[in-house]
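The lines below spell out each chain.
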Number of protein chains: 2
Amino acid sequence: MIENFSAPTRRDLLSLIGKVGGGAALYQAMTALGHATESQFTGPPKLTGARPGASVLVLGGGLAGMSAAYELTKAGYKVQVLEFQGRAGGRNYTLHGGDTVTEIGSTQKVGFAPGNYLNPGPWRIPYHHRTVLHYCKQLGVELEPFSQINHNALVHHKNAFGGKPQHFRDMMVDFKGHVSELLGKALNAGALDQQVTAEDKEKLLEAMREWGVLDKNMTYSKSMAVADQRGYERAPGGGVNGAPIPNDPASLSDMLSGKVWQQMGFYAEYVMQTTMFQPKGGMDQIGKAFFKHVGKLVRLNTKVTKVTQDDKGVTATWQDAVTGAVGESKADFMVCTIPATVLNQLDIQLSPEKKAAIRALPYGNSVKIGLEMKRRFWETDYAIYGGHSFTDQAISLISYPSAGFFKEGPAVLLGAYPFGAGAYQLAGMTPEKRIEAALAQGSVFHPAEYRAEFLSGASVAWSRMPWILGCCATWTEESRAAHYQNLVSMENRIVLAGEHCSYYGCWQEGALLSSLDAVTRLHQRALAA
Amino acid sequence: MIENFSAPTRRDLLSLIGKVGGGAALYQAMTALGHATESQFTGPPKLTGARPGASVLVLGGGLAGMSAAYELTKAGYKVQVLEFQGRAGGRNYTLHGGDTVTEIGSTQKVGFAPGNYLNPGPWRIPYHHRTVLHYCKQLGVELEPFSQINHNALVHHKNAFGGKPQHFRDMMVDFKGHVSELLGKALNAGALDQQVTAEDKEKLLEAMREWGVLDKNMTYSKSMAVADQRGYERAPGGGVNGAPIPNDPASLSDMLSGKVWQQMGFYAEYVMQTTMFQPKGGMDQIGKAFFKHVGKLVRLNTKVTKVTQDDKGVTATWQDAVTGAVGESKADFMVCTIPATVLNQLDIQLSPEKKAAIRALPYGNSVKIGLEMKRRFWETDYAIYGGHSFTDQAISLISYPSAGFFKEGPAVLLGAYPFGAGAYQLAGMTPEKRIEAALAQGSVFHPAEYRAEFLSGASVAWSRMPWILGCCATWTEESRAAHYQNLVSMENRIVLAGEHCSYYGCWQEGALLSSLDAVTRLHQRALAA
């Protein structure tokens, strides 16, 4: 309107481009303006104009399924969601006191105190997972910071430092000190004069001196300057005895035995970088928030046994797990978010190519173990607030809670979080034996407290959860090249969605982005029909 | 008691050692058990048995003065605190909407919205500042995480990348990539065979390959593996267009121009490491919590003009800044926490050696500028949640709030925080011109939003604050060697305290540790008298 004219802000411009050109154009524009390359998310799809009476059946009530239901309902579709479990959310899952964990072959009752929890599935949200962040904001899920890098947490290798855990900070400072000294020596000896210009050489030497905290002889050695990074034999204080005493850096060989570059590399991963978040009260707050909106569309305890499709629509045959009743649900289209591990076993009318893709998709395994301790000894006795201590034992790491810092009373540690071999090892144990293994292995970090303060534990071995039989999709480059497009293509009236149908496998962001892409294509197909 | 006998826990043991042997013995024991080397703090001093009627006069109602009053009162002393300002807390100070900032030569009214604030003094608490954390817990000050390392924040150098700010993550990944490639080349060329054993050489090559994300030729170059750390030209997504596109690493020369090792070194400093905290609602919550306990002992608006001591006691002559009334306060002993910059000008009965120490003590300068913006564009448009963006301009850095993530409405950025030259430059400007400089310089990071979203600003130039005339003590090695012990020694009935009397200059931890040391010695002296 002319009377309200003012120069459009960048936000106005982007909003306009989004409305006119859609998501892809908006993404291009944002990228050109220097924004948003951190995510493909440019806002939820603005689906409108579903034909009156058009319907969609969604299989699976995890985040992919519920977000599909949420957006399709907004577009005007009649939606029904069929969910195998007695709860919605899928791997968006939190164990609270009183909950029951049912694996193949075992049942556990969770004994945590009120307010304490374990997120056995997703547990942290990177700053660039804009789709997850969008829905948290839209659905009113309150987020709090998740502590990722903790310099005072520990690193343990059985064959390093006599098996004694080291502070990450000490190892990191020693790593950069030794690397700097060696590169400085090579530069000064002229060994890299073919690779590096004289000007860059000077800058590199300055960088090595400063970053490595080298002395005037370009040596990494005990000094107050080094102690000001790696900490002290005696910390600085006040008054007459305030003078600090530096401690001894590790030798090159000792430092190398600790392999701290593995942790340094871990923290450098795009999906592991800071700032991170978690929902207050548990990751399941996201699933619960979706359920508030679409819960009335969800049929729980519903095991789908057969899926057919023809020119008119889709039909899912199912059995109610509680009553045993058998039924059918019909719709014009279907979004199927059942994990490939389970979908693989379902009688579903899809092409051989898509079935091959479902069969070929590899799933990783992991185990999480929660250990409730009487008190936060890691905070009071070790000054460790959040973050992770790593080990080369089967448990892989222990992680300290990011919520409730400084609180009295019991708190839950993540006592194990392995992928691969360690996960299969722990998954093969009974829940009781897993706890025992977690206590035995985690004791390397906190020997005096770990068993003494232990109250109760709970675990989830994803390969033994009947509704998923694995943790999440771990595409290889080869399987991706051979099968990914076959998996995600819409086949007549059925489209698949979920983290396995994304390039963010194992992340909620992947489940949501996949779902938004699927419903957008479904909508285009429906309008074209 | 025998009937309740059980094996003592480590905590029981430490508590016993503390009771029997005092703080020093406890510290030794804790160190031997692998704890607590991160701090000299072993719990507050357990001072008891002050002689009936014994009194202490405390000059200065900052954290050093109020903690002295708090502990001395518990020990049984009669305490009075004289404070120059109309508020207690000293540099433990937060600007809220409606506050007035009075510098030499200017007055500002703070216009921030309710709940928004700027901490012009201390603003973050490292995990190892156990004394600050102790009092926060004891006094009920609620803490929340302070976001320190933010991989998605920006780094700007006027002469790097054509003046275009870079993401810290990109620069950091490029730095380790190029350093790894060069050290790998030097190692493979045999240039370090004199310095490194064959076994360590193999491990170093493995470290360089993994940490640097080098390809099979030990080269740092564009790849999906590198993009999985530094981010993408197009981020991973879901469905048919999910495939990510890697972006281009910077060349060695470009990377070096950005000097990212300065930020990497900054984050490695012991006092800058994660996990960090801040009090909810502003750093002044700590001062206010102390004031709740000792406020009735504090005489505000009281300018001390003269201090004498003799064999019987100490006398401070003062003038009330509001009424103009003149008075005297007497006590057996004195803890003087007046900053050296001001103490230097006071007529006080101390030895030439102590006066020389007071005169010799150098103080740093700094300026902080708060900028209230209409909305959190750094979060919504840049995915920057907390942390700092650095620049080589006078403002030195801007910092994004750690509180209120995702909230709608106005929020306060720290728009400048220089020490040294930049601080003197900004301190020399009127408050209005400082804001203009902060907007002009900070715009390099957020050019479209910085001025458009600006609401109001406030600043503190510490060299112009009449009650401190500088920011904090910045001892040199030489001045420390010549004067430190002379400064902190108890002289007859007077002992000095404050961050300047510690090896944690410029930190609240130093003020508190110094105060605890001072009152412990004062108590010993009083009992011996």
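In this text the structure is predicted, and so the values were computed from the model without any measurement. (Residues numbered from 1 in each chain as written. Chains lettered and ligands numbered in written order. Predicted model: local features only at pLDDT ≥ 70, side-chain atom pairs only at ≥ 80, totals over all residues.)

K.L.:
Could you give an account of unusual backbone geometry, naming the residues involved and the relevant values?
P.N.:
Glycine aside, a negative phi is what most residues show, and trans is what most peptide bonds show. For the bond running from A:Thr274 to A:Thr275, omega is 5°, close enough to zero to count as cis. The topology assignment puts A:Thr275 in the loop between helix H8 (261–268) and strand E13 (276–279). Despite not being glycine, B:Met218 shows a phi value in the positive range, around 60°. Its location among the elements puts B:Met218 in the loop between helix H5 (198–212) and helix H6 (224–230). Given 17 C-beta atoms within a 10 Å radius, B:Met218 is considered partly exposed. (Helix = DSSP H or I, 4+ residues; strand = E, 2+ residues; numbered from the N terminus. Buried ≥ 20, exposed ≤ 12 C-beta atoms within 10 Å, placed from the backbone.)

K.L.:
Quick one: what's the story with the nonpolar core, residue by residue and with numbers?
P.N.:
Counting 313 residues, the largest nonpolar core has A:Val56, A:Val335, B:Val56 and B:Val335 as its most contacted members. Discounting chain neighbours no more than four positions away, the residues touching B:Val56 are B:Leu72, B:Tyr77, B:Val79, B:Ala331, B:Asp332, B:Phe333, B:Met334, B:Val335 and B:Leu522. (Core = buried A, V, L, I, M, F, W, Y, C linked by C-beta atoms within 7 Å. Contact = placed C-beta atoms within 7 Å.)

K.L.:
Could you give an account of the sheet that holds E13(A), with specific residues and numbers?
P.N.:
All names here are of chain A. Judged by pairing direction, the sheet is antiparallel, and its three strands sit side by side in the order E7-E13-E8 without closing on themselves. Strands with a single pairing partner mark the edges of an open sheet, and in this sheet they are strand E7 (125–126) and strand E8 (143–146). Strand direction decides the pairing type here: E8 and E13, joined by four bridges, are antiparallel. Looking across to E13, one finds that Pro145 is bridged to Phe277. (Pairing = 2+ DSSP bridges.)

K.L.:
Which residues make up the packing of helix H2 (residues 63–75) of chain B against helix H16 (residues 508–528) of chain B, and what values do they have?
P.N.:
Residues and elements named next belong to chain B. Between H2 and H16, the shortest axis-to-axis distance is 8 Å and the interhelical angle comes to 35°. Crossing angle aside, the handedness with which H2 passes H16 is right-handed. Between H2 and H16, the contacting residues are Leu63, Ala64, Ser67, Ala68, Glu71, Leu72 and Ala75 on the first element and Gln508, Ala511, Leu512, Ser514, Ser515, Leu516, Ala518, Val519 and His523 on the second. Class assignment for the residues of the contact of H2 with H16 results in 10 nonpolar, five polar and one charged. (Axes fitted to C-alpha atoms, helices over the stretch in contact; angles between N-to-C directions. Left-handed = near helix turned anticlockwise from the far one by under 90°. Nonpolar A, V, L, I, M, F, W, Y, C, P; charged D, E, K, R; others polar.)

K.L.:
So what's going on with the relation of the copies chain A and chain B? Residues and values would help.
P.N.:
Expressed as a screw transformation, the operator carrying chain A onto chain B has a rotation angle of 180° and an axial translation of 0.0 Å, and the superposed copies differ by an RMSD of 0.1 Å. The transformation just described matches what one would write down for a two-fold rotation axis. Interface overlap between copies: 100% of the residues of chain A at the interface are likewise at the interface in chain B, consistent with a symmetric, same-surface contact. (Least-squares fit on C-alpha atoms with pLDDT ≥ 70 in both.)

K.L.:
Account for the sheet that holds strand E19 (residues 347–348) of chain A, with residues named and values stated.
P.N.:
Strand order in the open sheet formed by four strands is E17-E16-E15-E19 (chain A), with mixed pairing between adjacent strands. The open sheet has two edge strands, strand E17 (326–331) and E19 of chain A, and neither has a second partner.

K.L.:
Residues and numbers for the domain arrangement of chain A, please.
P.N.:
Residue and element names in this part refer to chain A. Split by domain assignment, chain A resolves into domain 1 (2–32), domain 2 (55–89 + 284–361 + 473–528), domain 3 (95–152 + 275–282 + 366–464) and domain 4 (167–258). Taken residue by residue, the interface counts 11 residues in domain 2 and 13 residues in domain 3. By residue number, the principal contributor to the side of domain 2 that touches domain 3 is helix H9 (residues 284–294), which donates five residues. Residue classes in the side of domain 2 that touches domain 3 are distributed as six nonpolar, three polar and two charged. (Domains from an automatic or database assignment.)

K.L.:
Which residues make up the packing of helix H3 (residues 130–139) of chain A against helix H16 (residues 508–528) of chain A, and what values do they have?
P.N.:
Residue and element names in this part refer to chain A. Packing of H3 against H16 brings their axes to within 8 Å, and their N-to-C directions diverge by 80°. In terms of axis orientation, H3 runs roughly perpendicular to H16. On H16, the residues touching Thr131, Val132 and Tyr135 of H3 are Gln508, Glu509, Leu512 and Leu513. Of the residues assigned to the contact of H3 with H16, the class counts are four nonpolar, two polar and one charged. (Parallel < 35°, antiparallel > 145°, perpendicular 65-115°, else oblique.)

K.L.:
Any details on helix H15 (residues 477–488) of chain A? Residues and values, ideally.
P.N.:
All names here are of chain A. Between its first and last C-alpha atoms H15 spans 16 Å; for 12 residues at 1.5 Å apiece the expected length is 16 Å, and the two agree. What H15 keeps buried is the set Tyr484, Leu487 and Val488. When H15 is viewed along its axis, its buried side chains cluster within an angular range of 75° and face the same direction. Residues of H15 that are exposed and angled more than 90 degrees away from the buried face: Glu478 and Ala481. The secondary structure elements touched by the buried residues of H15 are helix H11 (352–360) and strand E27 (494–496). (Expected span 1.5 Å × (residues − 1). Arc of directions from axis to C-beta.)

K.L.:
Can you tell me about H16(A), naming the residues and giving the values?
P.N.:
If you check H16(A), its first and last C-alpha atoms are 30 Å apart, about what 21 residues at 1.5 Å a residue would give, namely 30 Å. Most of H16(A) is tucked away: 16 of the 21 residues are buried.

K.L.:
Quick one: what's the story with the pairing of strand E1 (residues 55–59) of chain B, residue by residue and with numbers?
P.N.:
For a regular strand, the rule is simple: side chains alternate between the two faces of the sheet. Residue and element names in this part refer to chain B. Among the five residues that make up E1, five are buried, leaving the element largely enclosed by the rest of the structure. Neither face of E1 is open: one carries Ser55, Leu57 and Leu59, the other Val56 and Val58, and all of them are buried. When E1 meets strand E2 (residues 78–82), the two strands line up parallel, connected through five bridges. Bridge pairing in E2 links Val58 to Val81. In this region the chain leaves E1, passes through H2 and returns to the parallel neighbour E2; the handedness of that crossover is right-handed. Here E1 pairs with strand E18 (residues 333–336) via four bridges, running parallel. Within E18, the residue paired with Leu59 across the bridge is Cys336. (Right-handed = clockwise from strand over helix to strand, strands pointing away.)

K.L.:
Now, about the confidence of the model for chain A: what can you tell me, with residues and values included?
P.N.:
Residue and element names in this part refer to chain A. Predicted confidence across chain A gives a mean pLDDT of 93, with 93% of residues reaching 70 or more. Across residues 1–14, where pLDDT falls below 50, the model places seven contacts with residues more than four positions away in sequence or in other chains. Ignoring residues within four places in sequence, the model shows residues 16–36, a span with pLDDT below 50, making 25 contacts including any to other chains. Both scores are available for the predicted complex, with the pTM at 0.93 and the ipTM at 0.93. (pLDDT = per-residue confidence, 0-100.)

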